[in-house]
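Listed here are the chains, written in short residue letters.
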Amino acid sequence: MHMKTIFITGGSRGIGKELVYKFGKSGHKIFFTYNHSEIEAKKIVDFFQERSNNNVACFKCDLSVEDDVKSLFKNNKDLFSTIDVLINNAGITNREAQHFLLTRSRDWWLVLNNNLNSVLNCTRNSLPIMIRNKKGRIINITSLSGIKGNPGQSAYAASKAAIVAFSKSLCKELQNTGICINCVAPGFIETDMSKDAPKSYSEARLDNSILKRMGTTEEVCNVINYLAIDAPDYLINQEIIIDGGIA
Ligand SMILES: NC(=O)c1ccc[n+]([C@@H]2O[C@H](COP(=O)([O-])OP(=O)(O)OC[C@H]3O[C@@H](n4cnc5c(N)ncnc54)[C@H](OP(=O)(O)O)[C@@H]3O)[C@@H](O)[C@H]2O)c1
């Protein structure tokens with residue numbers, strides 16, 4: 001298998017962490033970012049170094065801050081000279097699901113800005129590298145909430161729907177560059193993020209689904225892995241839902 005250089009945003013926890021382990025164990029070269037979870041991020045790098053694998057590196061960066069992302073790329077020019085796959089995974093949701101009228105404007109925009117700007121900033125800095133190398137795959141992690149909506153999550157849902165619209169337009173702009181963009185929209189996955197969801201609503205959602213259970217990070221990562229490595233170039237500009245039949 002041809003080894004890839006893969007940039008994963010938000011690799012310290014949840015789906016991103018699973019991705020780092022999955023791709024790292026397969027021998028790919030991985031850069032990932034974290035923001036607050038330094039101990040978790042360092043543990044992951046240690047895991048690989050203890051096994052004499054120095055192909056996994058992490059960087060602290062608040063991806064929602066344009067200048068910080070610019071500096072991340074500028075200060076690590078040599079490492080970032082190739083990016084075969086960019087996985088825009090980092091995201092947050094409101095700590096407590098709250099109806100729109102009860103949500104302070106500042107909190108609403110925090111979620112929207114964090115999620116959307118992280119994708120924009122990483123894409124803006126990765127694209128020139130991919131265009132120069134005449135190839136690249138971008139996978140943006142969106143959400144079923146952005147397709148169906150979710151009570152108490154208007155900012156989160158809006159951010160994810162915006163990422164899809166951005167991805168679809170950008171993919172069309174990038175025709176003939178060798179760069180492919182797809183989105184993956186998970187339903188309800190066992191991570192820190194889903195722990196805070198209101199219990200009654202979560203149970204009702206699962207009761208109404210086909211599989212009646214939450215998804216695992218591994219299941220989501222298998223879809224991302226396919227898009228990143230094995231999928232044909234013809235699979236392009238899609239949003240792929242993985243939700244155990246909630247939809
Ligand atoms: N879990 C679900 O049910 C579910 C469903 C649909 C979609 N998703 C999406 O899947 C993705 C991963 O979610 P998850 O469940 O794995 O969440 P998680 O466990 O809460 O992890 C989120 C990750 O994103 C990072 N992050 C967030 N904002 C960041 C920023 N500004 N700069 C740098 N890193 C940032 C966090 O880093 P630090 O901890 O270091 O700050 C953390 O590594 C998100 O985009 C989420 O919206 C999740």
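About the criteria used
Residues numbered from 1 in each chain as written. Predicted model: local features only at pLDDT ≥ 70, side-chain atom pairs only at ≥ 80, totals over all residues. Heavy atoms only, no water. Phe/Tyr/Trp six-rings, centres within 6.5 Å; stacked < 30°, edge-to-face > 60°. Buried < 20%, exposed > 50% of the residue type's maximum accessible area, 1.4 Å probe, protein only. Lys NZ or Arg CZ within 6 Å of the ring centre and 35° of its normal. Pairing = 2+ DSSP bridges. Helix = DSSP H or I, 4+ residues; strand = E, 2+ residues; numbered from the N terminus. Axes fitted to C-alpha atoms, helices over the stretch in contact; angles between N-to-C directions. Contact = heavy atoms within 4.5 Å. Near = heavy atom within 4 Å. Polar contact = N/O pair within 3.5 Å; in protein donor to acceptor, adjacent residues only side chain to side chain. Areas by Shrake-Rupley, 256 points an atom, 1.4 Å probe, with all protein chains shown as cover. Nonpolar A, V, L, I, M, F, W, Y, C, P; charged D, E, K, R; others polar. Salt bridge = Lys/Arg side-chain N within 4 Å of Asp/Glu carboxyl O. Patch = residues over 30% accessible without salt bridge, like charges linked within 9 Å, V, L, I, M, F, W, Y side chains within 5 Å. Lys, Arg positive; Asp, Glu negative; His and termini not counted. Charge placed at Lys NZ, Arg CZ, Asp CG, Glu CD.

Student: I keep staring at the packing of aromatic side chains and nothing clicks. Help me out?
Tutor: The geometry of an aromatic ring pair is captured by two quantities: the separation of the ring centres and the angle between the planes. For the structure shown, the criterion picks out eleven aromatic pairs. Their ring planes at 80° and their centres at 6.4 Å tell us that Phe-100 and Trp-108 sit as a pair that is edge-to-face. Since its relative accessible area comes to 15%, Trp-108 is described here as buried. Ring pairing ties together the aromatic residues Phe-7, Phe-31, Phe-59, Phe-73 and Phe-80, which thus form one cluster. Geometry around Phe-47 places Arg-51 over its ring, the cationic atom sitting 3.7 Å from the centre. The lysine or arginine in question, Arg-205, covers the ring of Phe-188, its NZ or CZ lying 5.5 Å from the ring centre.

Student: Help me out: how do you make sense of the sheet that holds strand S5 (residues 136-141) in this one?
Tutor: Consider a sheet: its strands pair through backbone hydrogen bonds, and that pairing is either parallel or antiparallel. On the basis of which strands lie adjacent, the open sheet formed by seven strands has the order S3-S2-S1-S4-S5-S6-S7 and parallel pairing. Sheet topology places strand S3 (56-60) and strand S7 (239-242) at the edges, where each strand pairs with a single neighbour. Neighbouring strand axes in the sheet, compared pairwise and without regard to direction, differ in orientation by 20° on average. Bridge count for strand S2 (residues 29-34) against S3 is five bridges, and the pairing is parallel. Looking at the pairing, Ile-30 lines up with Val-56 of S3. Packing of helix H4 (residues 105-133) onto the sheet brings it into contact with strand S1 (5-8), strand S4 (85-88), S5 and strand S6 (179-186), and relative to S4 it is tilted by some 175°. Contacts between helix H6 (residues 154-173) and the sheet are confined to S5, S6 and S7, with S6 contributing the most and set at about 160° to the helix.

Student: Which parts of the structure should I look at to understand the site of the ligand?
Tutor: Around the ligand there are 32 residues in total, and Asn-35, Ser-37, Asn-89, Tyr-156 and Thr-191 lie nearest to it. Contact distances for the ligand include 2.9 Å between a nitrogen atom and a side-chain N or O atom of Asp-62. Asn-89 places a polar main-chain atom, nitrogen or oxygen, 2.7 Å from an oxygen atom of the ligand. The protein chains hide 96% of the 890 Å² of surface that the ligand would expose on its own. For the shell around the ligand, the secondary-structure elements that each account for two or more residues are helix H1 (14-25), H4, H6 and helix H7 (192-195). The greatest single-element share of the shell around the ligand, amounting to three residues, is contributed by H7. Counted by class, the shell around the ligand contains twelve nonpolar, 16 polar and four charged residues.

Student: Looking at this model, I keep getting lost on the pattern of salt bridges. Mind explaining?
Tutor: Where charged atoms from two side chains of opposite charge come close, those side chains can pair. One pass over the full model with this rule turns up eight salt bridges. Across the pair Glu-219 and Arg-213 runs a salt bridge, and its minimum N-O distance is 2.7 Å. We classify Glu-219 as partly exposed; its relative accessible area is 29%. In this structure, a network of salt bridges that share partners links the residues Arg-13, Asp-192 and Lys-195.

Student: Mind showing me how you'd approach a positive patch on the surface here?
Tutor: Where like charges cluster on the molecular surface, the positive patch consists of Lys-70, Lys-74, Lys-77 and Arg-124. Its place among the elements puts Lys-77 in the loop between helix H3 (66-75) and S4. The class of Lys-77 is exposed, set by a relative accessible area of 60%.

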